[in-house]
Amino acid sequence: MIWHSLRAASLQDTLESETTGEALWSGVYLYSAANSTANYAWARGFTSNLASLPECAWVDVGDGGVCQRVQCKPAEKNTGIGTVHIFGTDPAIQLVPDANGNYPTHDSATPLYSSGDPILAFVGGNGDRRGGFVAFSFAPEPLNLVTPEYDPAVGLEVSRDADFHVTWKPSKRPEQGKSRINLYLGTNDYSAYINCGWPQRAGQGTVPAELLRDLPAGPGSVSFATMVKNVREPNAQKRTELRLSTDVYVNGKSASGNATFK
């Protein structure tokens, strides 16, 4: 389930860009959690027209948070950004793109990092060095969800006619100051979704009902994640990102599961 949250969050970051037209996005994405047997590292380079689409304008929802609307459907095209080297993980990781610019996923049944670990990514760039970058971040600390109260094994009911409120226990560790909590609400096939993020220090967030009404009634999924992101925009045609993610927990379980939209 966490994949929905990670994939949608990459779009959220692009929404926060002030660029127009087509831009090259270079990203390195890692997920690791203490109790997970599905930890991974992945990379992607792509060009996108997302920043020039009015329907993709991000929405300020208060508490330092932003949400992406269901209607945002950008055009994207993969491109290689060179060999990716990741240090600080266990083990160190190297990702090499194929001829079509697609990267393999490094899967691990054991955690790749722990909270507070320093992680460095070096991306070589393609033939003309486009897409290359170096980025550093500390691994995020897991957060504990306070509300809504639900059992991920049973699922969560979400009313599309009322604001959706979320609260959590913020981290007190100074290196976690830039981390965010991310929420995905949407269909299981990713055809319609809302993606939101708030600074973890806020301790709360709200998804307005006016956004929830765009979701179709019926079954779907909910996914929470804690993320630390190092995002840079050296010019209007290039954005780079290193993103490290881990779980948000509710009653000791990963706060991701089935949802029903009423």
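Read on for an overview of the structure. (Residues numbered from 1 in each chain as written. Predicted model: local features only at pLDDT ≥ 70, side-chain atom pairs only at ≥ 80, totals over all residues. Heavy atoms only, no water.)

Within this structure, the stated rule accounts for one disulfide. Note on cysteine connectivity: Cys67 is disulfide-linked to Cys196, with sulfurs 1.9 Å apart. Taking the torsion about the S-S bond as the criterion, the Cys67 to Cys196 disulfide, at about 110°, is right-handed. Residue Cys67 is located in strand β4 (residues 65–68), and its partner Cys196 is located in strand β15 (residues 193–199); the two are separated by 129 residues in the primary sequence. (Disulfide = S-S within 2.5 Å. Helix = DSSP H or I, 4+ residues; strand = E, 2+ residues; numbered from the N terminus.)

This next bit is on the pairing of strand β10 (residues 133–138). The side-chain alternation of β10 yields one buried face, formed by Phe133, Ala135 and Ser137, and one unburied face, formed by Val134, Phe136 and Phe138. Across six bridges, the pairing between strand β9 (residues 118–123) and β10 is antiparallel. Its bridge partner lying in β10, Pro118 is registered against Phe138. (Buried < 20%, exposed > 50% of the residue type's maximum accessible area, 1.4 Å probe, protein only. Pairing = 2+ DSSP bridges.)

Here Asp90 and Pro91 are connected by a cis peptide whose omega angle stands at 5°. With an omega dihedral of 5°, the bond running from Thr147 to Pro148 counts as a cis peptide bond. Mapping Pro148 onto the fold places it in the loop between β11 (143–147) and β12 (156–158). Its identity as a non-glycine residue notwithstanding, Tyr190 has a phi of 65°, on the positive side. Mapped onto the fold, Tyr190 is located in the loop between β14 (180–186) and β15. Backbone geometry places Asn251, a non-glycine residue, at a positive phi of 55°. Position of Asn251 relative to the elements: it lies in the loop between β18 (238–250) and β19 (253–254). The exposed category is assigned to Asn251, whose relative accessible area is 73%.

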